[in-house]
Amino acid sequence: MNTATTSSAALPAAGYVHGYSSREGRRLSDQADILAQLLHAGTAYPAGSRVLEVGCGVGAQTPHLLRSSPGAHIVAVDRSGESLAQARARVADLVPGARVEWVRADVFDLPFADAEFDHVFVCFFLEHLPDPVKALAGLRRVLRPGGTITVIEGDHGSAFFHPDSAHARAAIDCQVRLQAVAGGNALLGRQLQPLLDGAGYDGVVVRPRTVYADRTRPALVDGFTRNTFIAMVESVRDDALAAALTTEPDWERGIADLHRTAHDGTFHYTFFKGVAVKPHASPATPG
């Protein structure tokens, strides 16, 4: 295994570590579809309520929100105009006639009035931000008192598998390290409770949502282990090599070992889903 030190000059600039390729768009869609029942169970918003989906990206989660809450008014926000265009097309194809308002904006500069929304939904977004508490506090501002926020995040430290492989774990660690340099945190799931508490929410409840795949669950092996998790790790290959986080032989061995878990092994991963309430007497917004 490679033990070279990391050169910060060789690391990618801050941004979305997975990139914006069409392959990444497909991966996000595959992930959302295979995990829909696991992640969206228990999330449904009343007819007439205004729901803010922040960091909607290519709209992977939006159709599932619409199906579970057909009478709600969804406002989907992302800072990428290209991603919003893809999201609009995806929703039009999968949920024709759905009521969605698309807004291009940054989570740290939201163009909404105080208490404008009844509910906020955040999925796989905080992990890419340099200051998740500040983002959560800003979302609290646009949420009405008594309104809810739902946050779903993964945690790469929860990935374990059989056959175990130090090379596979090192490949995953490359992705974790690159995401950290880009300003994010691939281990954020375990922090959801203190993050929501620190951002001034009440009634914080966080629970694990676990994925386990083996050959008796072929849909999860293909949809999650291969097309979601391994594909995500594979996407950082060039950046990991450029940053000298690994060598090409070690990388190829690690990816091959990950694929072996999908062929004749087992794979486990845990997502964390948190729900909290905006208090009626809001504390000061963290700086």
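This text goes with the structure placed above it.
Model, not experiment: these values are computed from the prediction.

**Some words on the overall build of the chain**
Step number 1: Across its full length, the chain holds 9 helices and 8 strands.
Step number 2: For the chain, the proportion of contacts with a sequence separation of at least 24, taken over those separated by at least 6, is 82%.
Step number 3: In the form shown here, the chain has an accessible surface area of approximately 12300 Å², with 52% of it arising from carbon and sulfur atoms.

**What to know about the nonpolar core**
Step number 1: In terms of nonpolar packing, the biggest core is built from 49 residues, with Phe224, Phe229, Val233 and Leu258 touching the most fellow members.
Step number 2: A per-element tally of this core places helix α7 (residues 218-234) first, with 7 residues.
Step number 3: Here Val233 is in contact with Ala171, Ile172, Trp251, Ile255 and Leu258, once residues within four sequence places are set aside.
Step number 4: Residues Leu129, Leu188, Phe272 and Ala276 belong to the second largest nonpolar core, which totals 31 residues.

**What to know about helix α5 (residues 166-181)**
Step number 1: Under the 1.5 Å per step criterion, the end-to-end length of α5 is 22 Å for 16 residues, consistent within 8% with the ideal 22 Å.
Step number 2: For α5, the full list of buried residues reads His167, Ala168, Ala171, Ile172, Cys174, Gln175, Val176, Leu178 and Gln179.
Step number 3: If you follow the buried residues of α5, they end up packed against β6 (160-162), α7, α8 (237-242) and α9 (248-264).
Step number 4: The residue sitting at the N-terminus of α5 and contributing the capping side-chain oxygen is Ser165; that oxygen lies 3.2 Å from the backbone nitrogen of His167.

**Structural notes on the packing of aromatic side chains**
Step number 1: Applying the stated criterion across every chain, the model contains 9 aromatic pairs.
Step number 2: Between the aromatic rings of Phe124 and Phe271, the centroid separation amounts to 5.5 Å while the plane-to-plane angle is 40°, which identifies the pairing as tilted. Residue Phe124 is located in the loop between β4 (117-123) and α4 (132-142), and its partner Phe271 is located in strand β8 (residues 266-277); the two are separated by 147 residues in the primary sequence. Both residues of the pair, Phe124 and Phe271, belong to the buried class.
Step number 3: Geometrically, the ring pair formed by Phe161 and Phe267 is stacked, given 5.9 Å between the ring centres and 5° between the ring planes. With a gap of 106 residues between them, Phe161 in strand β6 and Phe267 in strand β8 connect regions that are remote in the sequence.

**Points about the packing of α7 against α9**
Step number 1: Relative to each other, α7 and α9 sit at 170°, their axes nearing to 10 Å. Classified by the angle between their axes, α7 and α9 sit roughly antiparallel to one another. The residues of α9 that touch α7, namely those facing Val221, Thr225, Arg226, Ile230, Val233 and Glu234, are Trp251, Ile255, Leu258, His259, Thr261, Ala262 and His263.
Step number 2: Taken together, the residues that form the contact of α7 with α9 break down as 7 nonpolar, 4 polar and 2 charged.

**So, the pattern of salt bridges**
Step number 1: Enumeration over the complete set of coordinates arrives at 13 salt bridges.
Step number 2: A salt bridge links Arg141 to Asp114, with the shortest nitrogen-to-oxygen separation between them at 2.7 Å. You can see Arg141 sitting in helix α4 and its partner Asp114 sitting in the loop between β3 (100-104) and β4, a full 27 residues away along the chain.
Step number 3: Judged by relative accessible area, Arg141 falls into the partly exposed class, the value being 29%.
Step number 4: With its nearest N and O atoms 3.0 Å apart, the salt bridge here joins Asp238 to Arg237.
Step number 5: Exposure remark for Asp238: the relative accessible area of 54% places this residue in the exposed category.

**A short note on α9**
Step number 1: Over its 17 residues, α9 extends 24 Å from the first C-alpha to the last, a length consistent with the 24 Å expected when each residue adds 1.5 Å.
Step number 2: Within α9, burial applies to Asp250, Trp251, Gly254, Ile255, Asp257, Leu258, Thr261 and Ala262. Taken around the axis of α9, the buried residues stretch over an arc of 155°, which confines them to a single face. Facing away from the buried side of α9 by more than 90 degrees, the exposed set consists of Pro249 and His263.

**A few points about the packing of α5 against α9**
Step number 1: α9 packs onto α5 with a crossing angle of 105° between their chain directions and a minimal axis gap of 7 Å. Looking at the two axes, α5 sits roughly perpendicular to α9. Residues His167, Ala168, Ala171, Ile172 and Cys174 of α5 pack against Asp250, Trp251, Arg253, Gly254, Ile255, Asp257 and Leu258 of α9.
Step number 2: Split by residue class, the contact of α5 with α9 holds 7 nonpolar, 2 polar and 3 charged.

Definitions and cut-offs
- Residues numbered from 1 in each chain as written.
- Predicted model: local features only at pLDDT ≥ 70, side-chain atom pairs only at ≥ 80, totals over all residues.
- Heavy atoms only, no water.
- Helix = DSSP H or I, 4+ residues; strand = E, 2+ residues; numbered from the N terminus.
- Contact = heavy atoms within 4.5 Å.
- Areas by Shrake-Rupley, 256 points an atom, 1.4 Å probe, with all protein chains shown as cover.
- Core = buried A, V, L, I, M, F, W, Y, C linked by side-chain atoms within 4.5 Å.
- Buried < 20%, exposed > 50% of the residue type's maximum accessible area, 1.4 Å probe, protein only.
- Expected span 1.5 Å × (residues − 1).
- Polar contact = N/O pair within 3.5 Å; in protein donor to acceptor, adjacent residues only side chain to side chain.
- Phe/Tyr/Trp six-rings, centres within 6.5 Å; stacked < 30°, edge-to-face > 60°.
- Axes fitted to C-alpha atoms, helices over the stretch in contact; angles between N-to-C directions.
- Parallel < 35°, antiparallel > 145°, perpendicular 65-115°, else oblique.
- Nonpolar A, V, L, I, M, F, W, Y, C, P; charged D, E, K, R; others polar.
- Salt bridge = Lys/Arg side-chain N within 4 Å of Asp/Glu carboxyl O.
- Arc of directions from axis to C-beta.

In short, the description is geometric, and any link to function would need to be established separately.
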